[in-house]
Amino acid sequence: MDDEVVRRLYEIEHLEQGEIAGRLGVSTRTVRRALGRLGLLVERTSHKDFLPWKIDPRHTHALPLQYIRALSKAAQTGEGDVEKLNTASRWAYNVLALGHDVDYDPDYAGTDVCPEGGFRLVPEPEGGGWLRDLRQAAKSGRNRAIGELVDPD
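Residues numbered from 1 in each chain as written. Predicted model: local features only at pLDDT ≥ 70, side-chain atom pairs only at ≥ 80, totals over all residues. Heavy atoms only, no water.

Comments concerning the pattern of salt bridges
As enumerated under the stated definition, the model contains eight salt bridges in all. With its nearest N and O atoms 3.1 Å apart, the salt bridge here joins E4 to R7. A residue pair is termed a helical-turn pair when its members lie 3 or 4 positions apart in one helix, as E4 and R7 do in helix α1 (residues 3-12) at three residues. Owing to a relative accessible area of 45%, E4 belongs among the partly exposed residues under this scheme. The class for R7 is partly exposed, based on a relative accessible area of 25%. (Salt bridge = Lys/Arg side-chain N within 4 Å of Asp/Glu carboxyl O. Helix = DSSP H or I, 4+ residues; strand = E, 2+ residues; numbered from the N terminus. Buried < 20%, exposed > 50% of the residue type's maximum accessible area, 1.4 Å probe, protein only.)

Some details on helix α6 (residues 130-145)
Taking 1.5 Å of rise per residue, 16 residues should cover 22 Å, and α6 covers 22 Å from first to last C-alpha, within 8% of that figure. The complete set of buried residues in α6 reads W130, L131, L134, R135, A138, K139, G141 and R142. (Expected span 1.5 Å × (residues − 1).)

Brief notes about the nonpolar core
Generally speaking, nonpolar side chains in soluble globular proteins are found buried as a group. Counting 25 residues, the largest nonpolar core has W53, I55, I68, L71, W91, F119 and L131 as the members making the most contacts within it. Taken together, the elements giving at least two residues each to this core come down to α4 (63-77), α5 (82-97), β1 (100-104) and α6. With sequence-adjacent residues up to four places away left out, I68 is seen in contact with F50, L51, W53, W91, F119, W130 and L134. Within the second largest apolar cluster, ten residues are counted, among which are L9, A21, V31 and A34. (Core = buried A, V, L, I, M, F, W, Y, C linked by side-chain atoms within 4.5 Å. Contact = heavy atoms within 4.5 Å.)

Some details on the packing of aromatic side chains
Tallying each qualifying case throughout the model produces five aromatic pairs. On the basis of an interplanar angle of 45° and a centroid distance of 6.0 Å, the ring pair of W53 and Y104 is categorised as tilted. Here the residue W53 occupies a position in the loop between α3 (28-37) and α4, and Y104 occupies one in strand β1, the gap between them amounting to 51 residues. In this structure W53 comes out as buried when scored by relative accessible area, which is 16%. Taking the centre distance of 4.8 Å and the plane angle of 50° together, the rings of Y104 and F119 count as tilted. Placement of the pair is Y104 in strand β1 and F119 in strand β2 (residues 119-123), with a sequence separation of 15 residues. F119 gets classed as buried once you look at its relative accessible area, which sits at 0%. (Phe/Tyr/Trp six-rings, centres within 6.5 Å; stacked < 30°, edge-to-face > 60°.)

Some details on the environment of T111
Relative to the assigned elements, T111 resides in the loop between β1 and β2. Residues T111 and L121, spaced ten residues apart in sequence, show a C-alpha to C-alpha distance of 9.9 Å.

Re the packing of α1 against helix α2 (residues 17-24)
At a closest axis distance of 10 Å, the pairing of α1 and α2 adopts a crossing angle of 135°. Relative to α2, α1 is oriented oblique. Remark: the crossing between α1 and α2 carries right-handed chirality. Two secondary-structure elements touch here, α1 through V5, V6, L9 and Y10 and α2 through I20, R23 and L24. Looking at the contact of α1 with α2 residue by residue, the class counts come to six nonpolar, no polar and one charged. (Axes fitted to C-alpha atoms, helices over the stretch in contact; angles between N-to-C directions. Parallel < 35°, antiparallel > 145°, perpendicular 65-115°, else oblique. Left-handed = near helix turned anticlockwise from the far one by under 90°. Nonpolar A, V, L, I, M, F, W, Y, C, P; charged D, E, K, R; others polar.)

Description of the packing of α2 against α3
Two elements in contact, α2 and α3, have axes whose closest approach is 8 Å; the angle formed by their N-to-C orientations is 110°. When the interaxial angle is binned, α2 and α3 end up roughly perpendicular. For the element pair α2 and α3, the recorded crossing hand is right-handed. Seen from α2, the contacting residues are Q17, G18, I20 and A21; seen from α3, they are T28, V31, R32 and L35. Considering only residue class, the contact of α2 with α3 consists of four nonpolar, three polar and one charged.

Below is the structure:
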């Protein structure tokens, strides 16, 4: 495996480690070692400060959780794929514009937020809820690192 190919896929095409591994037909561990040799290995971001729930394995790939993780990463590091981050920010903006916040109940079977269930819309608390705080923290982190995060309004 050519480290420069890994560098290009990571830095220029902005692929995640798993995507690079799939494209090159190697393990994620092999990609991680190459990124380490190149000095590009970034420590994983912990989302526990921004994710107030323990997520059931049935919902680990749910779109709301992907959005929450993108916003959490931006809040902590200012980094992340710009397209994914802007999509997550617009999602949060739209939820908040309707006067809602998002809550999680692993047994919730409704599909108002995503087909897998688990996530649900609740009225936003007076003064703002956790989604508003998370979105603002993501905007602040991103603004510190790169520049303005788009607002769809």
